[in-house]
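What follows is the residue order along each chain.
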Amino acid sequence: MKLWQHMMGVAVLAGVSLPVWAAQGHSQDAEILRQGVSATQQLRGAPVRYRLPIEEEGMIVVSSEHLASDSSQSMSIEGKLYSPAGQLVASDADNNGHFLLEEPVTPGNYELEVRGSVLGSANENSGRYSLHVGFE
C-alpha cells in the first residue's frame, strides 16, 4: 500500500512538474510584438517574453501602460530588452505601472522580457497592461 501511494505521488508530481520544466527558456513560442499597441496583457508572476523582429537599423521605443481603471500605485513592472545574441541591452523598472526603453537596434530578433507584481486587492489592481512599440 505504501509503495502504491509513493508511486502515485511521483506520477502526480511528474505530471505537474514536467510541463513547467519544458516551458522554461523556450522563447521561440513567444508572442511577436509589432509596431503599435499590443493587446492587453496580464502580469503572471513569472517573466513573460515577447519577440521583436527588427528589419532595419534604427531606434526602438517600448513602453508599458497599466490599465486606466487600475491604481498605478500598486503595480511594479520591469522591462528588459535583449539583443539577438541574448545580451541585455536596455532595462527599466517602475513602481507606478510604467517602463520606458529606448535603444538603437540593428536587424535581428530581439526579445522583450516583462515581469512585475501587483499589491493590493483585485478591486484595486488587476495587473493588466499594454505594450507600446515604436520604431524611429
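Residues numbered from 1 in each chain as written. Predicted model: local features only at pLDDT ≥ 70, side-chain atom pairs only at ≥ 80, totals over all residues. Heavy atoms only, no water.

- As recorded in an unreviewed UniProt entry, the protein goes by Carboxypeptidase regulatory-like domain-containing protein and comes from Halomonas sp. H10-59.

### A word on the pairing of strand 10 (residues 128-135)
Each regular strand displays side chains that alternate between the two surfaces of the sheet.
Okay, step 1: Across 2 bridges, strand 2 (residues 36-37) lies against strand 10 in antiparallel orientation. Bridge pairing links Val37 to His132 in strand 10.
Okay, step 2: With 2 bridges connecting them, strand 3 (residues 41-42) and strand 10 associate as antiparallel partners. Following the sheet pairing, Gln42 is matched in strand 10 by Arg128. (Pairing = 2+ DSSP bridges. Helix = DSSP H or I, 4+ residues; strand = E, 2+ residues; numbered from the N terminus.)

### Observations regarding the pairing of strand 6 (residues 75-82)
Okay, step 1: Across 8 bridges, the pairing between strand 6 and strand 9 (residues 108-118) is antiparallel. What sits directly across from Lys80, in strand 9, is Glu113.
Okay, step 2: In this structure, strand 6 lies alongside strand 7 (residues 88-94), joined through 6 bridges in antiparallel fashion. Note that in strand 7 the partner of Glu78 across the bridge is Ala93.
Okay, step 3: Taking the residues between adjacent antiparallel strands as the criterion, strand 6 and strand 7 are bridged by 5 residues, where Gly86 takes a positive phi near 90°.

### Some points on the side chain of Ser38
Okay, step 1: Locating Ser38 in the fold gives a position in the loop between strand 2 and strand 3.
Okay, step 2: Using a relative accessible area of 15% as the deciding quantity, one classes Ser38 as buried.
Okay, step 3: Not counting the four nearest positions on each side in its chain, Ser38 is found in contact with Leu33, Ser130 and Leu131. (Buried < 20%, exposed > 50% of the residue type's maximum accessible area, 1.4 Å probe, protein only. Contact = heavy atoms within 4.5 Å.)

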